[in-house]
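Residue-level listing of the chains:
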Amino acid sequence: MILFGLPAGSWYFLKDGFNWRKAKLEELAPKGRFLDSYDFSSLDKGEIFEETTYKTTLVKINEDLSKNDITLIDQFKKSRTFLFLVLSDHLITHEEFSSKQPLRYINASSIQTSNEQFKNANYMLLDTAGVVRQYYSGTDKETLTKIVEDIAVILPRKITPDIEMKKPQQQ
């Protein structure tokens, strides 16, 4: 039983995980550059580019933070490349702002999109190159659960150092 059951069970669960990740990666195929999808001014583009460069960014559009957003930020705040960007065309007040938090606010002069698929988006997930990987309509718990799964797939893994053998000292 141990010789055949355990490896067969392991293979089954690993296969399901592999298939799930493969399906997620197909779903998260690039959908265009974020800065080209909206009609930002040059100053806004520069500010957004500066904030999002080399960051896996979740953009919340035209709404202030909710309790669920704060929970999501806390979940990924130790990741070195995660950024939560609140983007709005009107002033959104933020109570506590710390540079240690992966949270940024940008008040753009205009948030108009020419891309039909992004018109109703509340959230957009960007990879480290500023490419839109997924957009989400809605702010309910199911949407945020999907966002968490997608961020986990898109976030770059920390590179682990290779194991090196110590060379014996010569005398």
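Since the structure is predicted, the reported quantities are computational estimates derived from the model, not experimental observations.

A. Quick look at the side chain of D127. By the secondary structure assignment, D127 is in the loop between β4 (123-126) and β5 (132-136). A polar contact is formed between the side chain of D127 and the backbone nitrogen of A129, at a distance of 3.0 Å. Ignoring sequence-local partners within four residues, the contact set of D127 consists of K55, T56, R133 and I154.

B. Here's a closer look at the pattern of salt bridges. Applying the stated rule across the entire model yields 8 salt bridges. D69 is the salt-bridge partner of K60, the closest N and O atoms lying 2.4 Å from each other. For the pair K60 and D69, a shared accessibility class is recorded, and that class is buried. Connected through shared salt-bridge partners, K24, E27, K146, E149 and D150 make up one network.

C. Spatial organisation of the side chain of R133. In this fold, R133 is placed in strand β5. Among the polar contacts listed, one links the side chain of R133 to the backbone oxygen of L28, at a separation of 2.9 Å. For R133, the contacting residues outside a window of four places in its chain are E27, L28, A29, P30, K31, L125, D127 and I154.

D. Geometry of the nonpolar core. Ranked by internal contacts, the top residues of the largest apolar core, which has 19 residues, are L58, L72, F82, F84, Y123, I147 and I151. Elements with a contribution of two residues or more to this core: α4 (67-76), β2 (82-88), β3 (103-107), β4 and α5 (141-154). Excluding residues within four positions of it along the chain, F84 makes contact with L58, K60, L65, D69, L72, I73, P102, L103, R104 and Y123.

E. Local environment of α5. Taking 1.5 Å per residue as the helical rise, α5 with its 14 residues ought to reach 20 Å, and the 20 Å between its terminal C-alpha atoms agrees with that figure. Within the sequence span of α5, burial applies to T143, L144, I147, D150, I151, V153 and I154. Buried residues along α5 sit in contact with α1 (2-27), β1 (56-61), α4, β2, β4 and β5.

F. View of α4. Taken together, the buried positions of α4 are occupied by D69, L72, I73 and F76. Each buried residue of α4 lies within a common arc of 100° when the element is viewed along its axis, so the set occupies one face. When the buried face of α4 is taken as reference, the exposed residues oriented beyond 90 degrees from it are K67 and T71. Each element contacted by the buried residues of α4 is listed here: β1, β2, β3, β4 and α5.

Cut-offs used in this document
Residues numbered from 1 in each chain as written. Predicted model: local features only at pLDDT ≥ 70, side-chain atom pairs only at ≥ 80, totals over all residues. Heavy atoms only, no water. Helix = DSSP H or I, 4+ residues; strand = E, 2+ residues; numbered from the N terminus. Polar contact = N/O pair within 3.5 Å; in protein donor to acceptor, adjacent residues only side chain to side chain. Contact = heavy atoms within 4.5 Å. Salt bridge = Lys/Arg side-chain N within 4 Å of Asp/Glu carboxyl O. Buried < 20%, exposed > 50% of the residue type's maximum accessible area, 1.4 Å probe, protein only. Core = buried A, V, L, I, M, F, W, Y, C linked by side-chain atoms within 4.5 Å. Expected span 1.5 Å × (residues − 1). Arc of directions from axis to C-beta.

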